[in-house]
Amino acid sequence: MCAEEPPGAAALAPLLLAAAAAALLGLCWAGAPKRPVLAGGPRLVAFLRRRCPALRAPFRPTAWCPEGRLQTVLRALLQSCPAVRYRSESLRTPDGGQLVLDWADGSALPAACPTVLLLPGLAGSSQASYVLHMVRGATRAGYRAVVLNNRGCRGEELLTPRTFCASNTEDLETAIAHIRGRYPHAPLLAAGVSLGGMQLLNYLARRGRAAGLVAAMAASPCWDPLETTASLEQPLNALLFNRRLAASLCQLIRRHRAAIGDKVDVEHILQARTIREFDERYTAPAFGYSSCSEYYQAASPARQLHRVRVPLLCLNASDDPFSPLHAIPVEAAWRLPHVALLVTAHGGHIGFLEGLFPRHSTYMDRVFTQFITAVFEHGEELQQLEGDGDGAAEQDGA
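Report on the accompanying structure. (Residues numbered from 1 in each chain as written. Predicted model: local features only at pLDDT ≥ 70, side-chain atom pairs only at ≥ 80, totals over all residues. Heavy atoms only, no water.)

### Points about the overall build of the chain
From N to C terminus, the chain includes 14 helices and 10 strands. The buried share of the chain, taken over its 398 residues, is 58%. Within the chain, contacts between residues at least 6 apart in sequence are counted, and of these 79% link residues at least 24 apart. (Helix = DSSP H or I, 4+ residues; strand = E, 2+ residues; numbered from the N terminus. Buried < 20%, exposed > 50% of the residue type's maximum accessible area, 1.4 Å probe, protein only. Contact = heavy atoms within 4.5 Å.)

Here it is as structure tokens:
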């Protein structure tokens, strides 16, 4: 388990492993694996099915942990952390803050080598196991990889009273401008996971054709924060995820008390026991929102998806405890030429474990690597998306 994973996760192992036997019986009862739903513009869907083999076959989750919560927690417990050598670069932001970009070792790559920008999840960094696997997948495919760490999450000093949130894309804009300035002839693709996926989706919607990216991918994004918090406040989800994530966010505030304390009531924030309480007490006011509800509306990618003008692949699981199926905008994707939604029956939140011993790469990693390779090697096939009419959906059922 990597250092970033939710605190106390190891203590849940006996409970989860005991539940795995029952889950295995449930999987056997459920029948054969189903091919994921793939909804989107016809040309983009055709491109993905032609160039990404993983999208043409059923996703078979690990037999002894098919259920979404098990997938979510066991990925954090079991997934290996590949050795990745980074070169860190600090950037100053227009508001006086600082960002840390971690460049995977690629000194021998030509300046025009395609580049992948990775955005971690909530309180995430380049050291998260899922990020390390994505970096390794990109570099093994021959591409340059760089990770944008959330403010204050890479061990650096926080210089501003605000950290990060799903609706604010200023740090992402700064990072993309910097990367494009350094490698002006290198195609740039961005991939975000969970919160990073939400930030990326909101950025794409706001920038349209001026996003500066050849394509993008969002893995396990939360489409509607109101639905996400409601799901996470259900009793079992609260025990497994909500309280632990809120505790990790409070720890971030505690660590950066010196930079934050003059603007907010730190002690009040540290009493938050849920993500909603944390957002009410810190995130919303720190980013200028009058209420948590206003922030959640502004942060909802589903509201702005129709504005995306860059080829985009989104991966979600139907049993993601962070993003309920009814909140995933599958119906909208059918009518959007630049958008494709891939929805699996199982996989949880950043889980997608497969194989009998799911220690290493996941279905998400396979989809990611095949997608970036398809875009960089066959990107000319995506030039005519604008002319698409109504979208298409292909499924055997999720």
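### Remarks on the nonpolar core
Counting residues in hydrophobic clusters, the biggest one holds 47 residues, and the most contacted among them are Leu48, Phe368 and Phe371. Counting residues per element, this core draws most heavily on helix α14 (residues 363-378), at 9 residues. Residues contacting Leu48, with those up to four places away along its chain left out, are Leu38, Leu55, Leu313, Ala340 and Phe371. Grouped together as the second largest cluster of nonpolar side chains are 40 residues, Phe241, Ala272, Tyr295 and Phe322 included. (Core = buried A, V, L, I, M, F, W, Y, C linked by side-chain atoms within 4.5 Å.)

### With respect to empty space enclosed by the protein
The final tally for this structure, using the stated rule, is 1 cavity of 30 Å³ or more. By volume, the largest cavity is sized at about 170 Å³. Around the largest cavity, the lining is made up of 16 residues, and of these Asn150, Asn168, Asp171, Leu172 and Gln199 lie nearest the centre. Its residues placed into classes, the lining of the largest cavity shows 7 nonpolar, 6 polar and 3 charged. (1 Å grid on protein atoms, 1.4 Å probe; cavity = no way out; pocket = protein on both sides within 12 Å on 5 of 7 lines; lining within 4 Å. Points joined across faces, edges and corners; volume = space filled by probe spheres on them. Nonpolar A, V, L, I, M, F, W, Y, C, P; charged D, E, K, R; others polar.)

### Some remarks on the packing of aromatic side chains
Within this structure, the stated rule accounts for 9 aromatic pairs. Taking the centre distance of 6.1 Å and the plane angle of 55° together, the rings of Phe59 and Phe352 count as tilted. With Phe59 in the loop between α2 (42-51) and α3 (68-78) and Phe352 in the loop between β9 (339-344) and α14, this pair connects stretches of sequence that are 293 residues apart. One exposure class covers both Phe59 and Phe352, and it is buried. Counting every residue linked through ring pairs, the aromatic cluster contains Phe59, Phe352 and Tyr363. The ring centre of Tyr183 lies 3.7 Å from the NZ or CZ of Arg144, which sits over that ring. (Phe/Tyr/Trp six-rings, centres within 6.5 Å; stacked < 30°, edge-to-face > 60°. Lys NZ or Arg CZ within 6 Å of the ring centre and 35° of its normal.)

### Observations regarding the pattern of salt bridges
When charged atoms on two side chains of opposite charge get close, those side chains can pair. This model, assessed by the stated rule, comprises 13 salt bridges. Measuring nitrogen to oxygen at the nearest pair gives 2.8 Å for the salt bridge that ties Glu381 to Arg50. Placement of the pair is Glu381 in the loop between α14 and β10 (392-394) and Arg50 in helix α2, with a sequence separation of 331 residues. Residue class for Arg50 comes out partly exposed when judged on its relative accessible area of 44%. Glu267 is the partner of Arg257 in a salt bridge, and the nearest nitrogen-oxygen pair spans 3.0 Å. (Salt bridge = Lys/Arg side-chain N within 4 Å of Asp/Glu carboxyl O.)

### Topic: the pairing of strand β3 (residues 98-104)
Each regular strand carries side chains that alternate between the two faces of the sheet. Burial within β3 is extensive, with 7 of its 7 residues counted as buried. Burial along β3 is two-sided: the face carrying Gln98, Val100, Asp102 and Ala104 and the face carrying Leu99, Leu101 and Trp103 are both buried. In the sheet, strand β2 (residues 86-92) pairs with β3 via 7 bridges, with the strands oriented antiparallel. In the sheet register, Arg87 faces β3, and the bridge partner there is Trp103. Linking two consecutive strands that pair antiparallel, namely β2 and β3, is a turn of 5 residues; a positive phi of about 90° is found at Gly96 within it. (Pairing = 2+ DSSP bridges.)

### Comments concerning unusual backbone geometry
Phi at Ser194 is positive, roughly 55°, even though this residue is not glycine. Tracing the sequence through the fold places Ser194 in the loop between β6 (188-193) and α6 (195-207). Given a relative accessible area of 8%, Ser194 falls into the buried group. Phi is positive for Ser220, close to 55°, though the residue is something other than glycine. Mapping Ser220 onto the fold places it in the loop between β7 (215-219) and α7 (225-232).

### Some points on the layout of surface pockets
Reported here for the second largest pocket is a volume of approximately 290 Å³. As for the second largest pocket, its lining consists of 15 residues, of which Leu213, Val214, Pro311, Leu382 and Gln383 are closest to the centre.

### Quick look at the packing of α3 against helix α8 (residues 235-255)
α8 packs onto α3 with a crossing angle of 10° between their chain directions and a minimal axis gap of 11 Å. Here α3 is positioned roughly parallel relative to α8, judged by the angle of their axes. Only Leu236, Asn237, Leu240 and Phe241 of α8 make contact with α3, whose side of the interface consists of Arg69, Thr72 and Val73. Of the residues contributing to the contact of α3 with α8, the split by class is 4 nonpolar, 2 polar and 1 charged. (Axes fitted to C-alpha atoms, helices over the stretch in contact; angles between N-to-C directions. Parallel < 35°, antiparallel > 145°, perpendicular 65-115°, else oblique.)

### Quick word on the pairing of β6
Of all 6 residues in β6, 6 are buried, a share of seventy percent or more. Residues Leu188, Ala190 and Gly192 point to one face of β6 and Leu189, Ala191 and Val193 to the other, with burial holding for every one of them. Examined bridge by bridge, strand β4 (residues 115-119) and β6 share 5 bridges and lie parallel to one another. Paired with Thr115 across the bridge in β6 is Leu188. As a crossover connection, the stretch from β6 through α6 into β7 is right-handed. (Right-handed = clockwise from strand over helix to strand, strands pointing away.)

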